[in-house]
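Structural overview
One-letter residues, chain by chain:
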Amino acid sequence: MTKNLLVELGLEEMPAYVVTPSMKQLRDKMAAFLTDNRLTFDKIEMFSTPRRLAVRVSNLSEKQTDLTEDFKGPSKKIALDVDGHFTKAAQGFVRGKGLTVEDITFREVKGEEYVYVTKQEIGKPVEELIDGVTDVLTSLSFPVNMHWGTNTFEYIRPVHTLTVLLDDESFLMNLFDIESGRTSRGHRFLGHEVKIQSADSYEEDLREVFVIASPMERENMILDQIKEIERMHNVHVEIDENLLDEVLNLIEYPTAFIGRFDDRYLDVPEEVLVTSMKVNQRYFVVRNENGKLLPYFVSVRNGNAEHLENVVKGNQKVLVARLEDAEFFWREDQRLIISDLVDKLKHVTFHEKIGSLAEHMERTAKIAALLAEKAHLSTREVKDVARAASIYKFDLLTGMVGEFDELQGIMGEKYALLAGENTAVARAIREHYLPTASDGELPDTKVGAILAIADKIDTILSFFSVGLIPSGSNDPYALRRATQGVVRVLDKFGWHIALDELVDQLYALQFDSLTYSNKEQVLDFFRARIEKMIDSDIPKDIVTAVLNSSTFVVRDLVEVAALLAEKAQEDSFKPAVESLARVFNLAEKAEAVSVVDESLFENEEEKELHTAIEHLTLSDDLADNIEQLFALSPVIDAFFDNTMVMAEDEAIRANRLALLVALMTKAKKVAQFNQINTK
């Protein structure tokens, strides 16, 4: 007969972004715990609110499955002495398994007999294993932890309750000095402590104290309530999934409501209003059927509908205060002059070890000019890049961005247009921040893309140069995100810009403010980000071989890795790669670079390989490059079959190695073929 297991951990309010990942982590670790302990079950349901994490395991087996396991020991000739008695080796083997020599049998394996024992373990009742639940809970990992009281242990938030029920049976255990029982906590203001009667009654017991334990049920309640608001007011509520997830993890009992603000605030840019509502107040934006912003907002209360009119008034008052600020800053900022703001950036610190924002912009401008040339931008685009690079951080000193830092770049574009800058320059000011997340939106314009890359590259090189290099998961300046942004933008626009050559040129630049250093670490950092872009299904050895090629063009590396992974499914892949790998292995033994001397050839195979190498012309057609290299396999094999590369004659040996170096140099533009595993 099966049972249902409930485990609930009650805590102080967790940050919203932690709740869902922690709930899923608890489910996964509970599943692993049960599986490791040979306990079967049908499913694990997840529950969470800001103040609890819980799982319910359905149809959990009453006891572990019995275990029968065979163990192979020493060979018979080692296990028995000349008199046929078991040796110390045999005795030690069975003793380590908790058995005796009487349990030994012999089995033949590949013509030789070996000691075997069979160990049987009767499964324990589930009740004897429940204590392991505390190990599951303490194994959860969080972005941050805290101490509380005088305790030495730490967790995401202080723990108040632990409930562990097997059907209706409660288990006594201790976690963080908290004794488990069946007591849970209801809504902070509407509820009270409640006894959970059984694993099956969990949701209903909490509902009585105004807690909806299922995040899916809370989400459905919110969406249904919003639909009713839309119907009653004939509006469309914009459901931002990220905002919905955040709101969901801030409340335990949802009640949605609509509020209003004065129409005059609609004269403020929409981005400002939306930021005030979504980011600062966690309100949903309201539009009409044509998508036009309306002077309304929808919020979700953590509680029931009692005295809701007071909640609406309070939220309207808070929002209007923010909109008053926004309106004031919008009006005042338009009086500012861009050149004055740029001049003041000389006194704004980018980082105390690196210098001012103005100095960062000067370096970015030089990088942007170099990139524009490499990307073959038009004369007009080059001028726009230069203008944008000379002013692009000015909006950081505006009142609006000072109050709403989420609007940096967005307000820069608007103020630049109001000041008479052309559209390309203004848009680049906004796009240079993109992407704002590892998988976020990328720039759409070439001018914006060049400025985005330049700004991020100087940030990366500057921080690396002063020793502020990410280590482990520590990345306080988001340099991994910046680097990911660089390679993603390069990939999107397909610019054939080799990062190693670019970095070499940048390190040769002279700046009064900073001297770049730690170049190799920078290049390794870029390689690691490109590796993240390559399809995770591509074999690791192929990825490594491609990343160690002599090419450092993002688009090419990603495409070649995919092409080689596809080729790996063909019969010709193994012999072709093995031929090229042999070339690499020997060519790497060349002690010096030599020019091939045809007069030193001693057989036709040398001549044929030399001719093939001279006719090998690699181009931008990456698939064709691979085809050409693979087609050389018979010529390479014939050369090795008939030629002793490491000849005793020094001149002959050097010439043959030079021949292989010439081929390796061309082939390495595709991949480091001797790093591909063909076994």
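Computed from a predicted model, the values in this text were never measured in an experiment.

Quick word on the UniProt feature "domain: DALR anticodon binding" (unreviewed entry) in the protein
The UniProt feature table records "domain: DALR anticodon binding" (unreviewed entry) at residues 579–664. With 65% helix and 0% strand, residues 579–664 has end C-alpha atoms that lie 11 Å from one another.

Let's talk about the environment of Leu-509
Assignment of secondary structure puts Leu-509 in the loop between helix 18 (499–507) and helix 19 (519–533). Assessed through its relative accessible area of 28%, Leu-509 is described here as partly exposed.

Looking at the sheet that holds strand 3 (residues 52–60)
Strands sit in the order 2-3-1-7-8 across an open sheet of five strands; the sheet is antiparallel. Lying at the two open borders of the sheet, with one neighbouring strand each, are strand 2 (43–49) and strand 8 (169–170). Inspection of the sheet shows strand 7 (residues 159–166) paired to strand 8 by two bridges, in the antiparallel sense. The residue bridging Leu-165 from the neighbouring strand is Ser-170, located in strand 8.

Notes on unusual backbone geometry
Along the chain, Leu-434 connects to Pro-435 via a cis peptide bond; the corresponding omega equals -5°. Relative to the elements of secondary structure, Pro-435 occurs in the loop between helix 15 (423–431) and helix 16 (446–465). We note that His-376 has phi near 60°; this positive angle belongs to a residue other than glycine. Of note, Asn-518 is a non-glycine position whose phi angle comes to about 60°, a positive value. Locating Asn-518 in the fold gives a position in the loop between helix 18 and helix 19. By relative accessible area, which is 30% here, Asn-518 ends up partly exposed.

A look at helix 20 (residues 540–547)
Of the positions making up helix 20, those classed as buried are Ile-542, Val-543, Ala-545, Val-546 and Leu-547. In this structure, the buried side of helix 20 is in contact with helix 19, helix 21 (554–567) and helix 22 (573–587).

As for the pairing of strand 3
Counting buried residues in strand 3 gives eight out of nine residues, a clear majority hidden from the surface. The sheet contact formed by strand 2 and strand 3 spans seven bridges and is antiparallel. Following the sheet pairing, Ile-44 is matched in strand 3 by Val-57. Following strand 2, the chain reverses through two residues before pairing antiparallel with strand 3.

Quick notes on the nonpolar core
Residues Met-400, Phe-526, Leu-564, Phe-630 and Phe-673 are the most contacted members of the largest nonpolar core, which totals 135 residues. The leading source of residues in this core is helix 16, at eleven residues. Those residues within four positions of Phe-673 in sequence are excluded, and the remaining contacts are Leu-564, Val-577, Leu-580, Ala-581, Phe-584, Leu-629, Phe-630 and Ala-667. Ranked by size, the runner-up nonpolar core spans 38 residues in total, among them Met-30, Ile-44, Phe-142 and Leu-166.

Topic: the domain arrangement of the protein
Partitioning the protein into structural domains gives domain 1 (2–63 + 126–208), domain 2 (67–121), domain 3 (215–334), domain 4 (353–396 + 416–533) and domain 5 (543–675). Centre-to-centre separation of domain 3 and domain 5, based on C-alpha positions: 64 Å.

A word on the pattern of salt bridges
It is possible for side chains of opposite charge to pair when their charged atoms get near one another. For the structure shown, the criterion picks out 47 salt bridges. A salt bridge links Glu-327 to Arg-264, with the shortest nitrogen-to-oxygen separation between them at 2.6 Å. Here Glu-327, found in helix 9 (residues 308–333), pairs with Arg-264, found in the loop between strand 14 (254–260) and helix 8 (270–280); they are 63 residues apart in sequence, far enough to count as distant. The partner of Arg-656 in a salt bridge is Glu-606, and the shortest N-O contact between them spans 3.0 Å. Pair noted here: Arg-656 is in helix 26 (residues 650–667) and Glu-606 is in helix 23 (residues 604–615), with a separation of 50 residues, a long-range link. In this pair, the class of Arg-656 matches that of Glu-606, namely buried. Taken together, the shared-partner salt bridges connect Glu-8, Glu-12, Glu-13, Arg-51, Arg-52, Arg-188 and Glu-252 into one network.

Considerations on the sheet that holds strand 5 (residues 105–109)
Taking strand neighbours across the sheet as the criterion, the three strands line up as 4-6-5 in an open arrangement whose pairing is antiparallel. Among the strands making up the open sheet, the edge pair consists of strand 4 (67–75) and strand 5. Averaged over all neighbouring strand pairs, the angle between strand axes comes to 40°, with direction disregarded. As judged from the seven bridges shared by strand 4 and strand 6 (residues 112–121), these two strands associate in the antiparallel manner. Within the sheet, the bridge partner assigned to Thr-68 lies in strand 6 and is Gln-120.

As for the side chain of Gln-64
The residue Gln-64 is located in the loop between strand 3 and strand 4 in this model. Looking at Gln-64, the relative accessible area reads 5%, which means it is buried. Side-chain polar atoms of Gln-64 contact the backbone oxygen of Asn-37, separated by 2.9 Å. Apart from residues no more than four positions distant in its own chain, Gln-64 is found in contact with Asn-37, Arg-38, Leu-39, Gly-123, Lys-124 and Leu-129.

Comments concerning the packing of aromatic side chains
With the rule as written, the count across this model stands at 21 aromatic pairs. Measuring from centroid to centroid gives 5.3 Å for Phe-47 and Tyr-202, while their planes differ by 70°, and the two rings are edge-to-face. A residue pair is termed long-range when its members are at least 10 positions apart, and Phe-47 in strand 2 and Tyr-202 in helix 5 (residues 202–207) qualify at 155 residues. Classification of Phe-47 as buried rests on a relative accessible area of 2%. With a relative accessible area of 0%, Tyr-202 lands in the buried category. Connected via pairs of aromatic rings, a cluster forms that spans Phe-142, Trp-148, Phe-153, Tyr-155 and Phe-176. One cation-aromatic arrangement involves Lys-76 over Phe-106; the distance from NZ or CZ to the ring centre is 5.0 Å. For the cation-ring pair, Lys-519 lies above Tyr-507, with the distance from its terminal atom to the ring centre recorded as 5.9 Å.

What about helix 6 (residues 215–233)?
For helix 6, spanning 19 residues, the distance from its first C-alpha to its last is 27 Å, which sits close to the expected 27 Å at 1.5 Å a residue. When helix 6 is considered as a whole, its buried residues turn out to be Pro-215, Arg-218, Met-221, Ile-222, Ile-226, Ile-229 and Glu-230.

Quick word on a negative patch on the surface
On the surface, a cluster of negative charge is made up of Glu-559, Asp-620, Asp-621 and Asp-624. Note that Asp-620 resides in the loop between helix 23 and helix 24 (622–631). Residue Asp-620 is classed as exposed on the basis of its relative accessible area of 67%.

Considering the packing of helix 23 against helix 25 (residues 633–642)
Each pair of packed helices gets described by two things: the angle between the helix axes and the distance between those axes. Where helix 23 meets helix 25, the closest approach of the two axes is 9 Å, and the angle between their N-to-C directions is 150°. Judged on the interaxial angle alone, helix 25 and helix 23 are roughly antiparallel. In this structure, the crossing between helix 23 and helix 25 has a hand that is left-handed. Counted together, Glu-605, Glu-606, Glu-608, Leu-609 and Ala-612 of helix 23 and Val-635, Ile-636, Ala-638, Phe-639 and Asn-642 of helix 25 form the full contact between these two elements. By residue class, the composition of the contact of helix 23 with helix 25 is six nonpolar, one polar and three charged.

Each value, and the rule that gives it
- Residues numbered from 1 in each chain as written.
- Predicted model: local features only at pLDDT ≥ 70, side-chain atom pairs only at ≥ 80, totals over all residues.
- Heavy atoms only, no water.
- UniProt positions renumbered as here; feature names shortened; annotations may be inferred.
- Helix = DSSP H or I, 4+ residues; strand = E, 2+ residues; numbered from the N terminus.
- Buried < 20%, exposed > 50% of the residue type's maximum accessible area, 1.4 Å probe, protein only.
- Pairing = 2+ DSSP bridges.
- Contact = heavy atoms within 4.5 Å.
- Core = buried A, V, L, I, M, F, W, Y, C linked by side-chain atoms within 4.5 Å.
- Domains from an automatic or database assignment.
- Salt bridge = Lys/Arg side-chain N within 4 Å of Asp/Glu carboxyl O.
- Axes fitted to C-alpha atoms, helices over the stretch in contact; angles between N-to-C directions.
- Polar contact = N/O pair within 3.5 Å; in protein donor to acceptor, adjacent residues only side chain to side chain.
- Phe/Tyr/Trp six-rings, centres within 6.5 Å; stacked < 30°, edge-to-face > 60°.
- Lys NZ or Arg CZ within 6 Å of the ring centre and 35° of its normal.
- Expected span 1.5 Å × (residues − 1).
- Patch = residues over 30% accessible without salt bridge, like charges linked within 9 Å, V, L, I, M, F, W, Y side chains within 5 Å.
- Areas by Shrake-Rupley, 256 points an atom, 1.4 Å probe, with all protein chains shown as cover.
- Lys, Arg positive; Asp, Glu negative; His and termini not counted.
- Charge placed at Lys NZ, Arg CZ, Asp CG, Glu CD.
- Parallel < 35°, antiparallel > 145°, perpendicular 65-115°, else oblique.
- Left-handed = near helix turned anticlockwise from the far one by under 90°.
- Nonpolar A, V, L, I, M, F, W, Y, C, P; charged D, E, K, R; others polar.

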